[in-house]
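# Descriptive analysis of the structure
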Amino acid sequence: MKNAFIIEDLSSLNSISMNVAGPIVASYGLRALQIPVQNFITQTEMEGTIRTNYSAEWLKALFETAHHQFKNTENIGLIGYLGKTEIIDLIAKSALINDFRLLLVDPVMADNGHYYPLLDATYCQQLKRLLPFAYVVTPNVTELAFLTGNQYSPSFSEDQITTMVSQLRSLLKKDATVVVTGIETQGQVGCYWDDGVSCGTNYLRKVDGHFYGTGDAFAAALLGELSEHAQLSDCLPQIMKRIRASIHNTLLNENDLKLGVDITPLLRRND
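The text that follows walks through the structure, step by step, so that each part is easy to find. (Residues numbered from 1 in each chain as written. Predicted model: local features only at pLDDT ≥ 70, side-chain atom pairs only at ≥ 80, totals over all residues. Heavy atoms only, no water.)

### A short note on the packing of aromatic side chains
Enumeration according to the criterion identifies five aromatic pairs in this entry. When the ring of Phe-5 is compared with that of Phe-70, the centres are 5.7 Å apart and the planes differ by 80°; the resulting orientation is edge-to-face. On the criterion of sequence distance, the pair formed by Phe-5 in strand 1 (residues 3-11) and Phe-70 in helix 2 (residues 56-70) is long-range, its members being 65 residues apart. Here Phe-5 matches Phe-70 in class, with each residue buried. With centroids separated by 5.7 Å and ring planes inclined at 70°, the aromatic side chains of Phe-5 and Phe-100 adopt a geometry described as edge-to-face. You can see Phe-5 sitting in strand 1 and its partner Phe-100 sitting in the loop between helix 3 (85-93) and strand 5 (102-105), a full 95 residues away along the chain. Just as Phe-5 is buried, Phe-100 falls in that class too. Sitting over the face of the ring of Tyr-135, Lys-173 holds its NZ or CZ atom 4.7 Å from the ring centroid. (Phe/Tyr/Trp six-rings, centres within 6.5 Å; stacked < 30°, edge-to-face > 60°. Helix = DSSP H or I, 4+ residues; strand = E, 2+ residues; numbered from the N terminus. Buried < 20%, exposed > 50% of the residue type's maximum accessible area, 1.4 Å probe, protein only. Lys NZ or Arg CZ within 6 Å of the ring centre and 35° of its normal.)

If you want it as structure tokens, here you go:
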């Protein structure tokens, strides 16, 4: 069985981050090996004091153990929300970072022109250290602008997105793939992708609202599809349709959107 490492936060009382990534990745027949870099009581955008359990010593030992146990096996990986520059440093210096045949880095740090709570431009600068290890990077529009030193705009043109992706490529492997999410235009929302050979866009009608956990779910589903050697032009429209179905299910059954999304439509089924 192929190993899929999920390296991100665990938000205990929400259906976001590792709580959605793990089941989605496992549904592709992958062994989901979860490394929770921080354990939040609840997500950082809930009301009240943000409380987390974090140990650099424990995390360093976990990275070392994972490397020694799985260095000679077939591994893929997903890096999501980390939340501390110290964690970025631990990952960048670990032997584990070089153990992946496929590594997807989702640079979770900002949305709608603003950094998430606890994060800032210094964090963004440090996060760039992980990009050269990535085979796939999935920033949203805000994160793409911040990573490339551009001023955020809610109405970037496709030409502007293309230019920023070219700028981002200076930080990546030569053959890396970039998928930019959360692009809004004319009542639609979608993504722009560039695999270094070809590029394209995919859009669906926008559903009003902010749906927590959809970015985490998107990255996990994309990793699963790529583990099966899917082509972006084929798998991205399907993932987006499943995300939309997830949003519709959530709207029907959930009053507090900050608790996350119903990931049932995103689970891979081998019918």
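On we go from here.
### Examining the pattern of salt bridges
Tallying each qualifying case throughout the model produces seven salt bridges. Of the charged contacts in the structure, one is a salt bridge between Glu-74 and Arg-101, with a shortest N-O distance of 3.1 Å. With a gap of 27 residues between them, Glu-74 in the loop between helix 2 and strand 4 (75-79) and Arg-101 in the loop between helix 3 and strand 5 connect regions that are remote in the sequence. For Glu-74, a relative accessible area of 41% corresponds to the partly exposed category. Residue class for Arg-101 comes out partly exposed when judged on its relative accessible area of 35%. Asp-194 is paired through a salt bridge with Arg-169; the nearest N and O atoms lie 3.1 Å apart. Of this pair, Asp-194 sits in strand 10 (residues 188-194) while Arg-169 sits in the loop between helix 6 (158-168) and strand 9 (177-185); the two residues are 25 residues apart in sequence, bridging distant segments of the chain. (Salt bridge = Lys/Arg side-chain N within 4 Å of Asp/Glu carboxyl O.)

### Here we look at the environment of Thr-181
Among the structural elements, Thr-181 can be located in strand 9. Separated by 42 residues in the primary sequence, Thr-181 and Pro-139 place their C-alpha atoms 6.4 Å from one another. Excluding residues within four positions of it along the chain, Thr-181 makes contact with Pro-139, Asn-140, Val-141, Gly-190, Cys-191 and Phe-218. (Contact = heavy atoms within 4.5 Å.)

### Some details on the nonpolar core
Membership of the largest hydrophobic core comes to 51 residues, with the highest contact counts inside it found for Ile-7, Leu-82 and Ile-161. What Ile-7 contacts, discounting residues up to four positions off in sequence, is Ile-35, Val-37, Phe-63, Leu-78, Ile-79, Gly-80, Leu-82, Ile-91, Leu-96 and Phe-100. In terms of nonpolar packing, the next biggest core, distinct from the first, is built from 38 residues, Val-20, Leu-104, Val-179 and Ile-247 among them. (Core = buried A, V, L, I, M, F, W, Y, C linked by side-chain atoms within 4.5 Å.)

### Section: helix 1 (residues 18-26)
Restricting attention to buried positions, one finds in helix 1 the residues Met-18, Val-20, Ala-21, Gly-22, Ile-24 and Val-25. At its buried positions, helix 1 is contacted by strand 1, strand 2 (31-40), strand 4 and helix 7 (214-227).

### So, the pairing of strand 1
With eight of nine residues buried, strand 1 lies mostly within the body of the structure. Bridging between strand 1 and strand 2 involves eight bridges; their strand directions are parallel. Bridging across to strand 2, Ile-6 finds its partner in Gln-34. Note on the crossover from strand 1 through helix 1 to strand 2: the handedness is right-handed. (Pairing = 2+ DSSP bridges. Right-handed = clockwise from strand over helix to strand, strands pointing away.)

### Some words on the sheet that holds strand 2
Judged by pairing direction, the sheet is mixed, and its nine strands sit side by side in the order 3-2-1-4-5-8-9-10-11 without closing on themselves. The outermost strands of the open sheet, each flanked by one partner alone, are strand 3 (52-53) and strand 11 (199-205). Strands in contact with helix 2 are strand 1, strand 2 and strand 4; relative to strand 2, the strand with the most contacts, it is inclined by about 170°. (Axes fitted to C-alpha atoms, helices over the stretch in contact; angles between N-to-C directions.)

### Considering the packing of helix 1 against helix 7
At their nearest, the axes of helix 1 and helix 7 sit 8 Å apart, and the two run at 20° to each other. On the basis of their axis angle, the class for helix 1 and helix 7 is roughly parallel. Considering only the axes of helix 1 and helix 7, their crossing is right-handed. Of the residues in helix 7, those in contact with Val-20, Ala-21, Ile-24 and Val-25 of helix 1 are Asp-216, Ala-217, Ala-220, Ala-221 and Leu-223. A breakdown of the residues in the contact of helix 1 with helix 7 according to their chemical character gives eight nonpolar, no polar and one charged. (Parallel < 35°, antiparallel > 145°, perpendicular 65-115°, else oblique. Left-handed = near helix turned anticlockwise from the far one by under 90°. Nonpolar A, V, L, I, M, F, W, Y, C, P; charged D, E, K, R; others polar.)

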